[in-house]
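# Commentary on secondary and tertiary structure
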Amino acid sequence: MAAPSAFRMLRRLLKPPARGCSSGAPVTQPRPAEPSRPAREGQSTRLQFLQEHAAPFSAFLTDSFGRQHSYLRISLTEKCNLRCRYCMPEEGVSLTPKSDLLTTEEILTLARLFVKEGVDKIRLTGGEPLIRPDVVDIVAQLHRLEGLRTIGVTTNGINLARLLPQLQQAGLNAVNISLDTLVPAKFEFIVRRKGFHKVMEGVHKAIELGYKPVKVNCVVMRGLNEDELLDFVALTEALPLDVRFIEYMPFDGNKWNFRKMVSYKEMLDTIRQRWPGLEKLPEEDSSTAKAFKIPGFQGQVSFITSMSEHFCGTCNRLRITADGNLKVCLFGNSEVSLRDHLRSGASEEELLRIIGAAVGRKKRQHAGMFNIAQMKNRPMILIGG
């Protein structure tokens, strides 16, 4: 199927369905009520109080460069129902025996500890996190943690339409969906599986349930999908999407090559030729994305520039792999097993010392894309995408 026809099909699929009553008359969707002025003032007063009385950030989660790590990514599984070329080697990966993976209780124990120390955002990753049978229960348990403001998931979208209503009810409030092409045949080539329409249903369901923005992650690879940049951007005209273009990054087994990488500036130039009014948006201090918006469009586009313009200086992220290792840098090969210490009966204080020592060893920045390509690291699927 040609790209333009797939694009039109996607727009039709994502168009909100019309609703009607028994008389056939259209039913308008109720708009969320605006908070009253007293409610807004009350929220502002509470926020000011929390800021003024906030406890000092945990020394255990602060590195030697003063970066405070308030964002934790937890991989729930090494397994995935797709085989994306940039994530998994063609021959597959050796999976960790189940007995060596974190149990649900171990995941929650570590999450409680990190939140107690100041983590206010947790993202569940994989593998594919939505193939874990108890993912809804895990979200519900995390939602009970006092101080945790955001629970997100990064998913390939295959199971999203089916599970998202339950996940939202359990407390999930942020969704990232991986989608690297709008052409069904190319989708099958990239992920080595079928499922394009299921992913589209997942995007539609996230919009329908009110997630705003719905983040769509697109790894851009020269010779494969860089010709679809404008089609992806066009989606943001009528849809509340944040399309995030990600520079192709080197991991074990993904056959990274510098010539395949399309840089942020090259992508930006391509988009500006079509939409010269593209505007830069303000960034949060710890944001990994450079965000832009076309005036009049509902959504926005962003760029994850890990290779050409790294953001190590403001990094606030830590990762726990499915087998329980703490990684303080996505591109670093240094890890420490929290699982082993948990299972040996380490106390909370001992765990914090171990975590603090690992965070304290975090380097100022990654080694650069050419050095990273030569370093031994896990395949992305075994880190947590």
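The preceding data block contains the structure.
This text gives an overview of the structure that appears in the document. Quantities reported herein were computed from a predicted structural model and do not represent experimental measurements. (Residues numbered from 1 in each chain as written. Predicted model: local features only at pLDDT ≥ 70, side-chain atom pairs only at ≥ 80, totals over all residues. Heavy atoms only, no water.)

### Here's the deal with the overall build of the chain
The number of helices and strands found in the chain is twelve helices and twelve strands. Of the roughly 19,000 Å² of accessible surface on the chain, 52% is carried by carbon and sulfur atoms. (Helix = DSSP H or I, 4+ residues; strand = E, 2+ residues; numbered from the N terminus. Areas by Shrake-Rupley, 256 points an atom, 1.4 Å probe, with all protein chains shown as cover.)

### Looking at the packing of helix 4 (residues 135-143) against helix 5 (residues 160-170)
One way to put it is that helix 4 packs onto helix 5 with a least axis distance of 8 Å and a crossing angle of 20°. Judged by the angle between their axes, helix 4 and helix 5 are roughly parallel. In this structure, helix 4 crosses over helix 5, and the sense of that crossing is right-handed. Contacts between helix 4 and helix 5 involve Val135, Val136, Val139, Ala140 and His143 from the first element and Leu163, Gln166, Leu167 and Ala170 from the second. Partitioning the contact of helix 4 with helix 5 into residue classes produces seven nonpolar, two polar and no charged. (Axes fitted to C-alpha atoms, helices over the stretch in contact; angles between N-to-C directions. Parallel < 35°, antiparallel > 145°, perpendicular 65-115°, else oblique. Left-handed = near helix turned anticlockwise from the far one by under 90°. Contact = heavy atoms within 4.5 Å. Nonpolar A, V, L, I, M, F, W, Y, C, P; charged D, E, K, R; others polar.)

### Looking at unusual backbone geometry
Gly127 follows Gly126 through a cis peptide bond whose omega is 10°. Following the sequence through the fold, Gly127 ends up in the loop between strand 2 (121-125) and helix 4. In the segment running from Lys212 into Pro213, the intervening peptide bond is cis, with an omega of 0°. If you trace the backbone, Pro213 turns up in the loop between helix 7 (196-208) and strand 5 (214-220). The phi torsion at Arg192 lies on the positive side, around 60°, for a residue other than glycine. Along the chain, the position of Arg192 falls in the loop between helix 6 (184-191) and helix 7. On the basis of relative accessibility, which here comes to 22%, the residue Arg192 falls in the partly exposed class. (Buried < 20%, exposed > 50% of the residue type's maximum accessible area, 1.4 Å probe, protein only.)

### Brief notes about the packing of aromatic side chains
Under the defined criterion, the tally for this structure stands at six aromatic pairs. Relative to Phe303, the ring of Phe245 has its centre 5.8 Å away and its plane inclined at 40°; by these criteria the two rings are tilted. Here Phe245 is found in strand 6 (residues 241-247), whereas its partner Phe303 is found in strand 9 (residues 300-304), with 58 residues between them in sequence. Residues Phe292 and Phe303 carry aromatic rings whose centres are separated by 5.6 Å and whose planes lie at 80° to one another, so their mutual orientation is edge-to-face. With Phe292 in strand 8 (residues 289-293) and Phe303 in strand 9, this pair connects stretches of sequence that are eleven residues apart. Residues Phe292 and Phe303 agree in their burial class; the two are buried. In textbook terms, an aromatic cluster arises when at least three aromatic residues are bridged by ring pairs, as seen for Phe232, Phe245, Tyr264, Phe292 and Phe303. Note that Lys121 overlies the ring of Tyr71, its terminal NZ or CZ placed 4.5 Å from the centroid. Directly above the ring of Phe292 sits Lys280, whose terminal nitrogen or CZ lies 5.5 Å from the centroid. (Phe/Tyr/Trp six-rings, centres within 6.5 Å; stacked < 30°, edge-to-face > 60°. Lys NZ or Arg CZ within 6 Å of the ring centre and 35° of its normal.)

### Examining the side chain of Lys327
Checked against the element boundaries, Lys327 lands in strand 11 (residues 325-327). Residue Lys327 is classed as buried on the basis of its relative accessible area of 1%. Among the polar contacts listed, one links the side chain of Lys327 to the side chain of Glu335, at a separation of 3.4 Å. (Polar contact = N/O pair within 3.5 Å; in protein donor to acceptor, adjacent residues only side chain to side chain.)

### A look at the nonpolar core
Counting 98 residues, the largest nonpolar core has Phe114, Ile122, Leu142, Phe245 and Leu326 as the members making the most contacts within it. Among the elements that make up this core, the one with the highest residue count is helix 3 (residues 104-116) (seven residues). Once you skip the residues sitting within four places of it in the chain, Leu142 turns out to touch Leu108, Ala111, Ile122, Leu124, Leu148 and Ile151. (Core = buried A, V, L, I, M, F, W, Y, C linked by side-chain atoms within 4.5 Å.)

### Details of the sheet that holds strand 7 (residues 279-280)
Taken together, the twelve strands give an open sheet; going across it, the order is 7-8-9-6-5-4-3-2-1-10-11-12, and neighbouring strands pair in mixed fashion. With one partner strand each, in any of the chains shown, strand 7 and strand 12 (335-337) form the two edges of the open sheet. The pairing of strand 7 with strand 8 spans two bridges and is classified as antiparallel. Residue pairing across strands places Glu279 opposite Lys293, the latter belonging to strand 8. (Pairing = 2+ DSSP bridges.)

### Some details on the environment of Leu130
Counting through the fold element by element, Leu130 comes out in the loop between strand 2 and helix 4. When the C-alpha atoms of Leu130 and Asn156 are compared, they prove to be 8.7 Å apart, with 26 residues separating the residues in sequence.

### Looking at helix 3
Between the first and last C-alpha of helix 3 there are 18 Å, a value that for 13 residues agrees with the 18 Å anticipated at 1.5 Å per step. Within helix 3, burial applies to Thr104, Glu106, Ile107, Leu108, Leu110, Ala111, Leu113, Phe114 and Val115. Once helix 3 ends, the next one or two residues include Gly118, with phi positive near 125°. (Expected span 1.5 Å × (residues − 1).)

### With respect to the pattern of salt bridges
Side chains bearing opposite charge may pair, as long as their charged atoms lie close to each other. One pass over the structure, following the stated rule, counts 13 salt bridges. Between Glu228 and Lys186 there is a salt bridge, with its nearest N and O atoms 2.9 Å apart. Taken together, the residues Glu228 in the loop between strand 5 and helix 8 (229-235) and Lys186 in helix 6 connect sequence positions 42 residues apart. With respect to class, Glu228 is no different from Lys186; both count as buried. Between Glu188 and Lys194 there is a salt bridge, with the nearest N and O atoms lying 3.4 Å from each other. (Salt bridge = Lys/Arg side-chain N within 4 Å of Asp/Glu carboxyl O.)

### Considerations on helix 11 (residues 348-360)
For helix 11, which comprises 13 residues, the first-to-last C-alpha distance of 18 Å matches the rise-based estimate of 18 Å (1.5 Å per residue) to within 8%. All buried positions along helix 11 are accounted for by Leu351, Leu352, Ile354, Ile355, Gly356, Ala358 and Val359. Residues of helix 11 that are buried make contact with helix 3, strand 10 (317-320), strand 11, strand 12 and helix 10 (338-343).

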